[in-house]
There are 2 protein chains.
Amino acid sequence: MSLSLLEQLIESLRVLPGVGQKTAQRMAYHLLEREREGGKRLAETLGVALEKIGHCAMCRDFTESEICATCASASRDRHQLCAVESPADRLAIEQATGYRGLYFILQGRLSPLDGIGPRELGLDALAARLAEGEITEMIIATNPTVEGEATAHYLAQLARQHRVRPSRLAHGVPLGGELEYVDRGTLSHAFGSRSEMT
Amino acid sequence: MSLSLLEQLIESLRVLPGVGQKTAQRMAYHLLEREREGGKRLAETLGVALEKIGHCAMCRDFTESEICATCASASRDRHQLCAVESPADRLAIEQATGYRGLYFILQGRLSPLDGIGPRELGLDALAARLAEGEITEMIIATNPTVEGEATAHYLAQLARQHRVRPSRLAHGVPLGGELEYVDRGTLSHAFGSRSEMT
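As a starting point, this report considers the structure included with it. (Residues numbered from 1 in each chain as written. Chains lettered and ligands numbered in written order. Predicted model: local features only at pLDDT ≥ 70, side-chain atom pairs only at ≥ 80, totals over all residues. Heavy atoms only, no water.)

A short note on the overall build of chain A
Argument step 1. Check the secondary structure of chain A and you find 8 helices and 6 strands.
Argument step 2. Ordered by position in the sequence, the α and β elements of chain A form the string α-α-α-β-β-α-β-α-β-α-β-α-β-α.
Argument step 3. Its C-alpha radius of gyration of 22 Å places chain A more than 25% over the 16 Å reference for a compact globule of 198 residues.
Argument step 4. Along the first, second and third principal axes, the C-alpha atoms of chain A reach 65 × 45 × 35 Å.
Argument step 5. The buried share among the 198 residues of chain A stands at 42%.
Argument step 6. Within chain A, counting contacts between residues at least 6 apart in sequence, those at least 24 apart form 48% of the total.
Argument step 7. Total accessible area on chain A stands at roughly 11,500 Å², and carbon and sulfur atoms take up 53% of it. (Helix = DSSP H or I, 4+ residues; strand = E, 2+ residues; numbered from the N terminus. Rg over C-alpha atoms; globule rule 2.2 N^0.38 Å. Buried < 20%, exposed > 50% of the residue type's maximum accessible area, 1.4 Å probe, protein only. Contact = heavy atoms within 4.5 Å. Areas by Shrake-Rupley, 256 points an atom, 1.4 Å probe, with all protein chains shown as cover.)

If you want it as structure tokens, here you go:
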């Protein structure tokens, strides 16, 4: 028996992350009952977005142009390059900090077991860019996980080869956190990296 | 400044129920990074579904045909009619019980303050159907809320006018529940409606 259109809609909503059968059902009914206009807009935007959005030729971020707005901007500092794992990380840094340099989005992290090596992360393009000599500092903002750290070490080596200064985000106790509940690794790191008060 | 296509996509994902800025962002990145095929299918299905899915002329449920599959089915008992507030309620009853009769979906509940009266719930069509004389029992399965109860009373009157026997879902202690944690209203109702053990 073929699925009804409603069942097809529920099924196709399940590609969204964190959406199971029940939520998909609720979404489908919500769109049909109360948000037909918004739903139509979503269908159109999604179709166009998936067709048109590709990767920036410079930083590998998502963009509908060949070069993304940040890379094309004349007002960004072209001597600093911040390497992050994902577009979401880039956005978080952009929103939280006053960073005015450029980005490089790895779209992943080194993970040899999953077949993700330097080539999959576009590190040859990154190396070519470092070789141009315009960049003086590479801020390595990969996640503080085992694979993220390994990627950070690899990137730092790459930077040094091209006489670019590598730097890494500070690790430590989060603001507003309580020492009692901070995990041991972080606390030990924060203790070791203590700075003098002036 | 006009929004980029990615920002438009994030914005339009927010029509989904329970989806805020952060979740919409995560969904957009997920679709772009890992689910382009599924996303395309979603865009197409959603567009077609919103265009084609309307209400069944008999039960007011969502369907792409004029009469939904349940109403058109020859194997359903045409003497019983179950009135529910929403398609989701209909689905819950269909999945949980062995009910083989027909349904009527109110698509809401009586709520004079919000301008929802008998006409908005299609009760004239329901009355016409009851008048046909085929239906002998109307199972009223509106929610046990103030408005749902008011709707149930109205429906029961309507049924009696047409010599149709109205019935209501039993209220009581949920299976697996603990008396200690059941709310007072439910417990009092369950106590009053106790049945003899045989």
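Read on, since the account is not over.
What about the sheet that holds strand S5 (residues 137–140) of chain A?
All names here are of chain A.
Argument step 1. With parallel pairing, 4 strands are arranged side by side in an open sheet as S4-S3-S5-S6. Pairing within the sheet leaves two strands with one partner each, and these edge strands are strand S4 (101–105) and strand S6 (165–168). Recorded for the sheet is a direction-independent mean angle of 25° between the axes of neighbouring strands.
Argument step 2. In this fold helix H6 (residues 123–131) packs onto strand S3 (77–84), S4 and S5, with an angle of close to 155° to the strand it touches most, S4. (Pairing = 2+ DSSP bridges. Axes fitted to C-alpha atoms, helices over the stretch in contact; angles between N-to-C directions.)

Side note on the side chain of Glu 85 of chain B
All names here are of chain B.
Argument step 1. Its location among the elements puts Glu 85 in the loop between strand S3 (77–84) and helix H5 (87–96).
Argument step 2. When its relative accessible area of 2% is taken as the criterion, Glu 85 is described as buried.
Argument step 3. Of the polar contacts made by the side chain of Glu 85, one reaches the side chain of Arg 109; its length is 2.7 Å.
Argument step 4. Every residue in contact with Glu 85, bar those within four places of it in the chain, is listed here: Ile 105, Leu 106, Gln 107, Gly 108, Arg 109, Thr 142, Asn 143 and Gly 148. (Polar contact = N/O pair within 3.5 Å; in protein donor to acceptor, adjacent residues only side chain to side chain.)

Section: the packing of aromatic side chains
Argument step 1. Per the stated rule, a full pass over the model turns up 4 aromatic pairs over all chains.
Argument step 2. Their ring planes at 20° and their centres at 6.0 Å tell us that Phe 62 of chain A and Tyr 29 of chain B sit as a pair that is stacked. Note that Phe 62 of chain A is positioned in strand S2 (residues 62–63) and Tyr 29 of chain B in helix H2 (residues 21–34), a pairing that runs across two chains. Residue Phe 62 of chain A shares its accessibility class with Tyr 29 of chain B, and that shared class is buried. (Phe/Tyr/Trp six-rings, centres within 6.5 Å; stacked < 30°, edge-to-face > 60°.)

Let's talk about helix H7 (residues 146–161) of chain A
Residue and element names in this part refer to chain A.
Argument step 1. Across its 16 residues, H7 extends 23 Å between first and last C-alpha, which sits within 8% of the 22 Å expected from 1.5 Å per residue.
Argument step 2. Turning to H7, the residues buried within the fold contact S3, H6, S5 and S6.
Argument step 3. Backbone geometry just after H7 places Arg 163 at a positive phi near 55°. (Expected span 1.5 Å × (residues − 1).)

Points about the side chain of Thr 63 of chain B
All names here are of chain B.
Argument step 1. Assignment of secondary structure puts Thr 63 in strand S2 (residues 62–63).
Argument step 2. Overall, Thr 63 belongs to the buried group, its relative accessible area being 9%.
Argument step 3. Among the polar contacts listed, one links the side chain of Thr 63 to the backbone nitrogen of Ser 65, at a separation of 3.1 Å.
Argument step 4. Not counting residues up to four positions away in its chain, the partners in contact with Thr 63 are Lys 52, Ile 53, Gly 54, His 55, Cys 56 and Cys 68.

Here we look at the sheet that holds strand S5 (residues 137–140) of chain B
Residue and element names in this part refer to chain B.
Argument step 1. Taken together, the 4 strands give an open sheet; going across it, the order is S4-S3-S5-S6, and neighbouring strands pair in parallel fashion. Both outer strands of the open sheet, strand S4 (101–105) and strand S6 (165–168), are each paired with one neighbouring strand and no more. Adjacent strand axes in the sheet meet at a mean angle of 25° when their direction is disregarded.
Argument step 2. Note that S3 and S4 share 5 bridges and pair parallel. Residue Cys 82 lies in a different strand from S4, and its bridge partner there is Tyr 103.
Argument step 3. Those strands touched by helix H6 (residues 123–131) are S3, S4 and S5, and its axis lies near 155° from that of S4.

Regarding a nonpolar patch on the surface
All names here are of chain A.
Argument step 1. On the surface, a cluster of nonpolar side chains totalling about 230 Å² of accessible area is made up of Val 173, Leu 179 and Leu 187.
Argument step 2. Here Leu 187 shows up in helix H8 (residues 184–192).
Argument step 3. Under the relative-accessibility criterion, Leu 187 is labelled partly exposed at 32%. (Patch = residues over 30% accessible without salt bridge, like charges linked within 9 Å, V, L, I, M, F, W, Y side chains within 5 Å. Salt bridge = Lys/Arg side-chain N within 4 Å of Asp/Glu carboxyl O.)

Some remarks on the relation of the copies chain B and chain A
Argument step 1. By a simple turn and slide, chain B fits onto chain A: the slide is 0.0 Å along the axis, the RMSD is 0.1 Å, and the turn is 180°. The transformation just described matches what one would write down for a two-fold rotation axis. It is Ala 43 of chain B whose C-alpha, among those of chain B, lies nearest the rotation axis, at 2.1 Å. (Least-squares fit on C-alpha atoms with pLDDT ≥ 70 in both.)

Observations regarding the packing of helix H1 (residues 5–13) of chain A against helix H3 (residues 36–52) of chain B
Argument step 1. Where H1 of chain A contacts H3 of chain B, the two axes come as close as 9 Å, and the packing angle between them is 150°. Compared by their axis directions, H1 of chain A and H3 of chain B come out roughly antiparallel. By crossing handedness, the relation of H1 of chain A to H3 of chain B is classed as left-handed. In contact with Leu 5, Gln 8, Leu 9, Ser 12 and Leu 13 of chain A of H1 of chain A, H3 of chain B contributes Leu 42, Thr 45, Leu 46, Val 48, Ala 49 and Lys 52 of chain B.
Argument step 2. When grouped by side-chain class, the residues that make up the contact of H1 of chain A with H3 of chain B number 7 nonpolar, 3 polar and 1 charged. (Parallel < 35°, antiparallel > 145°, perpendicular 65-115°, else oblique. Left-handed = near helix turned anticlockwise from the far one by under 90°. Nonpolar A, V, L, I, M, F, W, Y, C, P; charged D, E, K, R; others polar.)

Focus on unusual backbone geometry
Residues and elements named next belong to chain A.
Argument step 1. Within the chain, Arg 60 stands out as a residue other than glycine whose phi angle is a positive 70°.
Argument step 2. Among the structural elements, Arg 60 can be located in the loop between strand S1 (54–55) and S2.
Argument step 3. Backbone geometry places Gln 107, a non-glycine residue, at a positive phi of 60°.
Argument step 4. Along the chain, the position of Gln 107 falls in the loop between S4 and H6.

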